[in-house]
Amino acid sequence: PIPTEIPTPEYLLMILFKTTHYIHSQFESNLSAQSVPTYLTGPRMRFLQYISEAGKIRMSDLAAKIGIKKRTVTQFVDALEKENIVVRIPDPNDRRATLVQITDTAVPIIKKTEDAMILAAEKVLDSFPSESRSYLLYLLYQLADVKESNDDMN
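Counting from 1, residues in each chain are numbered in the order their sequence is written. In keeping with the model being predicted, local features are shown solely for residues with a pLDDT of at least 70 and side-chain atom pairs are shown and tallied solely at 80 or more, while totals for entire chains, interfaces and linings include all residues. The side-chain quantities take in all heavy atoms of the structure and omit both hydrogens and water.

**Details of the side chain of R44**
What counts, and what does not: Elements are defined by DSSP. Helices are runs of H or I of four residues or more, strands are runs of E of two residues or more, and each kind is numbered from the N terminus. The buried label applies to any residue whose accessible area, calculated with a 1.4 Å probe on protein chains only, is under 20% of its type's maximum; exposed applies above 50%, and partly exposed to all values in between. Positive residues here are Lys and Arg, negative ones are Asp and Glu, while His and the chain termini are left out of the count. Salt bridges are defined by distance alone: a side-chain nitrogen of Lys or Arg within 4 Å of a carboxyl oxygen of Asp or Glu. Polar contact is the term for a pair of N or O atoms within 3.5 Å; when the atoms are in protein, one must be able to donate a hydrogen and the other to accept it, and sequence-neighboring residues count only if both atoms are side-chain atoms. Contacts between residues were defined by any pair of non-hydrogen atoms, one from each residue, lying within 4.5 Å.
You can see R44 is positioned in helix α2 (residues 42–54). Despite being buried, R44 has no salt bridge partner; E83 is the closest side chain of opposite charge, sitting 6.9 Å away. Looking at R44, its side chain comes within polar contact range of the main-chain oxygen of Y39, at 2.9 Å. Other than its neighbours up to four places away in sequence, R44 contacts Y39, F76, A79 and L80.

Put into structure tokens, the structure is as follows:
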């Protein structure tokens, strides 16, 4: 039911937290059902998706693109490299820079996570008519202060 009273910002934030927890739980449940290793969390999968799309990418560029600290990129790469999911390679154009790329081992795992994402999305948004989905996207863009096309948000 649509509330008749205007909710407070605090209440809306609490509902957003609760909603993101629910969505995260659905995603994690589907990852488990797809037998995706537990070290591949949602944030790490988002990280891998960027690397996969780029083919090879400088670690510093990856940090800027995702909007995370370089130290966090290093921590993610360290952990994923230990699991043979990514590999560091020297940048042929800048000997001070390091590129990171997905290993062959990671490709089927990434596919499983994409399947888990689709299943979670279908479950979470199944009851939403297309107009409601469009409006939700509009609201989320406003919330994230997206002013123009943003590849990260698509």
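**Quick notes on a nonpolar patch on the surface**
Note the following rule: Note on patches: the residues involved have over 30% relative accessible area and no salt bridge, like charges join within 9 Å, and the nonpolar side chains Val, Leu, Ile, Met, Phe, Trp and Tyr join within 5 Å. In this description, accessible areas are obtained by the Shrake-Rupley approach with a 1.4 Å probe, and a residue is regarded as covered only by the protein chains that are shown.
A grouping of L13, M14, L16, F17, L140 and L143 is seen on the molecular surface, where their side chains present a nonpolar patch of about 580 Å² in accessible area. Mapped by element, the contributors of at least two residues to the nonpolar patch are α1 (9–33) and α6 (130–143). At 4 residues, the largest contribution of residues to the nonpolar patch is made by α1. Along the chain, L13 turns up in helix α1. You can call L13 partly exposed: its relative accessible area is 43%.

**Concerning α1**
Definition in use: Multiplying 1.5 Å by the helix residue count minus one yields the expected span of that helix.
The end-to-end C-alpha distance of α1 is 36 Å, a good match for the 36 Å that 25 residues give at a rise of 1.5 Å each. All of the buried residues along α1 are Q26, F27, N30 and L31. Contacts from the buried residues of α1 go to α2 and α5 (106–125). Once α1 finishes, S35 follows within two positions and takes phi at roughly 60°, a positive value.

**Quick word on the packing of aromatic side chains**
Each aromatic ring pair is summarised here by two numbers: the centre-to-centre distance and the angle between the ring planes. Applicable threshold: Two aromatic rings, drawn from Phe, Tyr or Trp (for Trp, its six-membered ring), form a pair once their centres lie within 6.5 Å of each other, and the interplanar angle then sorts them: stacked below 30 degrees, edge-to-face above 60, tilted otherwise. For a ring to carry a charge above it, either NZ of a lysine or CZ of an arginine must fall within 6 Å of the ring centroid while also lying within 35 degrees of the normal to the ring plane.
Here the structure, examined in full by the defined rule, presents 2 aromatic pairs. Look at Y135 and Y138: their rings are 5.8 Å apart centre to centre, the planes differ by 25°, and that puts the pair in the stacked class. Here Y135 and its partner Y138 are both found in helix α6, 3 residues apart, which amounts to about one turn of the helix. A cation over a ring is seen here: R44 above F76, with NZ or CZ 5.7 Å from the ring centre.

**As for the nonpolar core**
One recurring pattern in soluble globular proteins: nonpolar side chains tend to sit buried together. Under the convention used in this document: What we call a nonpolar core is a set of buried Ala, Val, Leu, Ile, Met, Phe, Trp, Tyr and Cys residues that are connected through their side-chain atoms within 4.5 Å.
One finds F47, L48, I51, L62, V86 and V100 to be the most contacted residues of the largest nonpolar core, which totals 27 residues. For this core, the secondary structure elements donating two or more residues are α1, α2, α3 (59–66), α4 (70–82), β3 (94–102) and α5. Not counting the four nearest positions on each side in its chain, F47 is found in contact with L62, I66, I68, V73, F76, V77 and L80.

**Let's talk about unusual backbone geometry**
Located in the positive-phi region is S35, a residue other than glycine, with phi close to 60°. Looking at where S35 falls in the secondary structure, it is placed in the loop between α1 and α2. Its identity as a non-glycine residue notwithstanding, N84 has a phi of 60°, on the positive side. By the secondary structure assignment, N84 is in the loop between α4 and β2 (86–91).

**With respect to the side chain of Q26**
Examined against the element boundaries, Q26 turns out to sit in helix α1. Among residues more than four places away in sequence, those in contact with Q26 are A120, K123 and V124.

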